[in-house]
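The lines below spell out each chain.
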Amino acid sequence: MKSIEVISELGLSLTNGECLELMEKERGYIESHIKQMKRDNETTFARQDGQTRVERSETASRAVKVSDGLTIRLIADDDLVPDCTAIATDAAGRVLASGPRYLCELLDRDSDGIYDARKLIVEAPSHGAHGLCVDGDTLYYVGDNGVWKINRFSTETAANLKPVRVLEIKTGGEHDAHALRKGPDGFWYLIAGNGTKDSFQLQNVETPQIASPRAGVIWRISPDWSRREVWAEGFRNAYDFDFGPDQTIDTFDSDGERDISLPWYRPTRVFRVRQGQDAGWVSRSWKRSHVDPMMPTVLAELGRGSPTGVLRSPGKRLPLRFHAGVFVLDWTFGRVVFVSDDGKTELVASPSGSEGFAVTDIAAASDGALLVSVGGRRSRGGIYRIDAFKPLAASRFPKLKWDKPHFDGSNAIMHSLQRLRANVAPVIEHVKHIKDTTLKPGMDMRHVAEVPMVVYQKAMREGWANDEKAWKKWLNNPDNKAFRTWEGKV
Ligand SMILES: [Ca+2]
Ligand SMILES: [Ca+2]
């Protein structure tokens, strides 16, 4: 495992990545407590570690390398945005950020492009927002077991800002509710990880496309929050999404990290999803392959990683090659990757040395540059700005077309495939029952699988129903694992 050194402002040396959580626990509590005391009076320390804010920005910016034609600059440091989990921008150019127990607006009092103070909006949510979304003068955040809204966040004084919960849903864990966005159709879209199945009872439209949702889902919710429908299902733990062309949504889902060396391992994948689709994560060690006709389009496979932020390219200002596609973030390896609509990928930013670059969220600045936050699991917080070396004139960027659904094959075919999958579901349930109740499988007459009738009929049609070799091949194929009652090689 690649490890990234994070030097905190207190001079502690911590190891990032999956072991960070364990190693850092004790240290993190003390550290965050001290930081909290420092922040309580909202004073900003212009000088730390003998360096000015500008010098610290220069050092941190040099530790990240960016792709040709781009520049990067740290614009908010750990003292302003510790352990930053989410960022958002508004049309007036405000930058909003959240982390554990803070949601704030950043201020640049001397207009040098580096934030030097912050205005606290609310001391919440406790684990830092996972979703942050501005709609006019209303700010929404996802955290503290719900979606909350704060009216007139930019004009009212902090004492008058009272968050109101508009939706109750599990948050705070790494597999709970995450990002929120307002769709081009005026509806709310909320993505939730595979730890939120208790919330499926929130679905209340008359004829939902997905009647019994599974795993991680994307919700579509009416503007007044009263009508709720699961729009897509079967994600493992995608954190963020953005709208793609023709009523699609782009998202970045996690891999099956425990199965890294096994044949059925699936890497992190960037999906382009349509309404009603199932992204194929069924259970631990069982994720469907992209060749499955029911799967969303897989725009890219990006190996190991921990997917976080997703942003449709703001287009304007950045070099032309970044105009049509989506930016995705990987927390584990500190990668910002661009995936174009035709599936080409480019590494946009990554750490140049051993400094941490644990990317958590991405937003478009009002001028079209990219803002990327770092933090997570109590690591160093910050916000970087990625800009074009020679910005293009910010004019006439084509608006995203979202008025008609994406056409991908015949609906009749999709419906019959859906029916076929529904037919197979009882067989899978039965297999689970056999597995759970059979303690010692016999050695000679071993029950190895339940074969769905549709598969047997297919074998008859294709002439291999009596071919022992062909059946062994079918049974040993990891894609058919769900039908196996005993998992050894046949
Ligand atoms: Ca400044
Ligand atoms: Ca986001």
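Cut-offs and rules
- Residues numbered from 1 in each chain as written.
- Chains lettered and ligands numbered in written order.
- Predicted model: local features only at pLDDT ≥ 70, side-chain atom pairs only at ≥ 80, totals over all residues.
- Helix = DSSP H or I, 4+ residues; strand = E, 2+ residues; numbered from the N terminus.
- Buried ≥ 20, exposed ≤ 12 C-beta atoms within 10 Å, placed from the backbone.
- Contact = placed C-beta atoms within 7 Å.
- Pairing = 2+ DSSP bridges.
- Axes fitted to C-alpha atoms, helices over the stretch in contact; angles between N-to-C directions.
- Core = buried A, V, L, I, M, F, W, Y, C linked by C-beta atoms within 7 Å.
- pLDDT = per-residue confidence, 0-100.

Comments concerning the overall build of the protein chain
The helix and strand inventory of the protein chain stands at 5 helices and 31 strands. Burial status across the protein chain gives 39% buried among its 490 residues. A separation threshold of at least 6 residues defines the contact pool for the protein chain, and within that pool the share at least 24 residues apart is 57%.

Considering the environment of Pro391
Relative to the helices and strands, Pro391 resides in the loop between strand E31 (382-388) and helix H3 (411-437). Separated by 72 residues in the primary sequence, Pro391 and Pro319 place their C-alpha atoms 7.3 Å from one another.

Quick notes on the sheet that holds strand E9 (residues 102-107)
Taken together, the 4 strands give an open sheet; going across it, the order is E7-E8-E9-E10, and neighbouring strands pair in antiparallel fashion. Whereas interior strands pair on both sides, the edge strands pair on one side only; in this sheet they are strand E7 (86-89) and strand E10 (117-122). Ignoring which end each strand starts from, the neighbouring axes of this sheet average 30 degrees apart. Pairing analysis gives 5 bridges linking E9 to E10, with the strands arranged antiparallel. Residue pairing across strands places Cys104 opposite Leu120, the latter belonging to E10.

Remarks on the nonpolar core
Formed by 93 residues in total, the largest nonpolar core has its most connected members in Ile87, Ala97 and Leu190. Of all the elements, strand E16 (residues 188-192) adds the most residues to this core, at 5 residues. Beyond its immediate chain neighbours, meaning those up to four positions away, Ile87 contacts Val95, Leu96, Ala97, Leu132, Asp361, Ala363, Leu371, Ser373 and Ile383.

Some details on unusual backbone geometry
Of the consecutive residues Ala124 and Pro125, the connecting peptide bond is found in the cis state with omega at -5 degrees. Within the secondary structure, Pro125 sits in the loop between E10 and strand E11 (131-135). Its identity as a non-glycine residue notwithstanding, Asp144 has a phi of 45 degrees, on the positive side. Assignment of secondary structure puts Asp144 in the loop between strand E12 (138-142) and strand E13 (147-151). The exposure class of Asp144 is partly exposed, given the 16 C-beta atoms found within 10 Å.

Quick notes on the sheet that holds strand E17 (residues 216-221)
Strand order in the open sheet made by the 4 strands is E15-E16-E17-E18, with antiparallel pairing throughout. Each edge of the open sheet carries a strand with a single partner, namely strand E15 (177-182) and strand E18 (228-235). Across the sheet, the mean angle separating the axes of adjacent strands is 20 degrees when strand polarity is ignored.

A word on helix H4 (residues 453-462)
Among the 10 residues in H4, 0 count as buried, and that is only a small part of the element. The positive-phi residue at the C-terminal boundary of H4 is Gly463, with phi of around 80 degrees.

What to know about the environment of Asp137
Counting through the fold element by element, Asp137 comes out in the loop between E11 and E12. Taking the number of C-beta atoms within 10 Å as the measure of exposure, Asp137 has 14 and is therefore partly exposed. Sequence-distant contacts of Asp137, that is, excluding residues within four places in its chain, are made with Arg152, Phe153, Ser154 and Thr155.

With respect to the environment of Asp185
Here Asp185 is to be found in the loop between E15 and E16. As for Asp185 and Gln247, which are separated by 62 residues in sequence, their C-alpha atoms are 9.2 Å apart.

Here we look at the confidence of the model for the protein chain
With 83% of its residues at a pLDDT of 70 or more, the protein chain shows a mean pLDDT of 84. Confidence over residues 1-20 falls short of pLDDT 50; this stretch has 46 contacts with residues more than four positions distant or in other chains. Considering only residues more than four positions removed or in separate chains, one finds that residues 36-47, a stretch of pLDDT under 50, has 9 contacts.

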